[in-house]
Amino acid sequence: QAASPLHPVAVRCQEAQMVVTVHRDLFGMGRLVRAADLALGPAACQAMSATEDMVTFVAGLHECGSTLQMTSDSLIYKTSLSYKPTPAGNLVIVRTSPAVVPIECHYPRRNNVSSNAIRPTWAPFRSTLSSEEKLVFSLRLMNDDWSAERLSNGFQMGESLHFQADVSSENHVPLRLFVDECVATLTPDKNSLPRYALIDLNGCLVDGRLDEATSAFLSPRPRQETLQFVVDVFKFAKDDRSLIYITCHLKVSPVDQPPNSLNKACFFNKASSLWVPVEGTGDICSCCETGHC
């Protein structure tokens, strides 16, 4: 609904941002609030524009301290509009009360976003925009037979995580996708501690080097713009939290460029006790063992 004295706060939930419009007659009493006394979210983001009657905030879905709630079929981004009156000029009084207006944007999970455990700071993977400069990456949890995206993101110890990374490369020269690194943490911040590297050193699946692990890239690829890998389920020692965030860095190189030590997908073959590339010559994986790529 458009902001009006009857509905003083209006929200438009767009693909990657929310637009909050506030009628300056916030309380419907003819007493206009000041734009500087309004703020969006715990981060107290300030308005983008203000007129005689309206104040407008524009914020990314993950900006201004918003929180994300997930249900079986929806992503719900929650924040709030805060009004904290301050005295005007030299006055020491105010004539309005503080107020907090809860704000929510709801998005369907299906066909729009990845499983939440894979990419908590999600951006829509399917876009109506297409240009030569635009690459659209995705990272998804898949069923065990790779036939479809996994509907649940809950796992038991002893199971395996099936990851599929893709890039949509319309209007581009043919591209080959690589997973440069993947790190597991207990918070959305990939630099937080504790942290555990699954893929490191520009494409080495280092988790598979452990004696008890069977983690590996799938070879051959189904397509050059797709890379699949399996990781044994794990949890952090000495921490009871069961929600784990996994953040990965995806990149591409032209298909006609041979894989090298910086653009590779290498995993440890337990049978041969050697690092093996999904494509390319074995020497590009030697730095997985030395640790210097």
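Reading guide: rules and limits
Residues numbered from 1 in each chain as written. Predicted model: local features only at pLDDT ≥ 70, side-chain atom pairs only at ≥ 80, totals over all residues. Heavy atoms only, no water. Phe/Tyr/Trp six-rings, centres within 6.5 Å; stacked < 30°, edge-to-face > 60°. Buried < 20%, exposed > 50% of the residue type's maximum accessible area, 1.4 Å probe, protein only. Lys NZ or Arg CZ within 6 Å of the ring centre and 35° of its normal. Helix = DSSP H or I, 4+ residues; strand = E, 2+ residues; numbered from the N terminus. Contact = heavy atoms within 4.5 Å. Pairing = 2+ DSSP bridges. Axes fitted to C-alpha atoms, helices over the stretch in contact; angles between N-to-C directions. Disulfide = S-S within 2.5 Å.

## Observations concerning the packing of aromatic side chains
On inspection of all chains with the given rule, the structure shows 7 aromatic pairs. Relative to Trp275, the ring of Phe268 has its centre 5.6 Å away and its plane inclined at 70°; by these criteria the two rings are edge-to-face. Using a relative accessible area of 9% as the deciding quantity, one classes Phe268 as buried. Overall, the relative accessible area of 11% leaves Trp275 in the buried class. Taken together, the ring pairs in this structure connect Phe163, Phe217 and Phe229 into an aromatic cluster. A cation over a ring is seen here: Arg209 above Phe268, with NZ or CZ 4.2 Å from the ring centre. In this structure, Arg221 is placed above the aromatic ring of Phe178, and the distance from its NZ or CZ to the ring centre is 5.3 Å.

## Focus on the environment of Val100
Structurally, Val100 can be placed in strand 8 (residues 99–108). Counting along the chain gives 60 residues from Val100 to Leu40, while the straight-line C-alpha distance between them is 9.7 Å. Sequence-distant contacts of Val100, that is, excluding residues within four places in its chain, are made with Ser80, Leu81 and Ser82.

## With respect to the sheet that holds strand 12 (residues 195–199)
One open sheet holds the 3 strands; their spatial order is 12-11-15, and the pairing between them is antiparallel. Each having just a single partner strand, strand 12 and strand 15 (245–254) make up the two edges of the open sheet. Sheet twist, expressed as the average angle between the axes of neighbouring strands with direction ignored, equals 20°. Alignment of strand 11 (residues 175–185) against strand 12, held across 4 bridges, turns out to be antiparallel.

## Brief notes about the environment of Asp53
With respect to the helices and strands, the residue Asp53 is situated in the loop between strand 4 (49–50) and strand 5 (54–60). On the basis of relative accessibility, which here comes to 43%, the residue Asp53 falls in the partly exposed class. With 27 residues separating them along the chain, Asp53 and Leu26 place their C-alpha atoms 10.0 Å apart. When near neighbours in sequence (up to four residues on either side) are disregarded, Asp53 contacts Val22, His23 and Arg24.

## A word on the state of the cysteines
Within the structure shown, the criterion is met by 6 disulfides. Between the sulfur atoms of Cys45 and its disulfide partner Cys64 the distance amounts to 2.2 Å. Its torsion about the S-S bond being -110°, the disulfide of Cys45 and Cys64 is classed as left-handed. Note that Cys45 is positioned in the loop between strand 3 (38–40) and strand 4 and Cys64 in the loop between strand 5 and strand 6 (67–70), a separation of 19 residues in sequence. By relative accessible area, which is 23% here, Cys45 ends up partly exposed. For Cys266, the disulfide goes to Cys285, at an S-S distance of 2.0 Å. One disulfide, between Cys266 and Cys285, carries an S-S torsion of -80° and so falls in the left-handed class. Highlighted residues: Cys266 in strand 16 (residues 266–269) and Cys285 in the loop between strand 17 (274–277) and helix 1 (286–290), separated in sequence by 19 residues. The exposure class of Cys266 is buried, given its relative accessible area of 0%. Cys285 sits in the buried class, given a relative accessible area of 1%.

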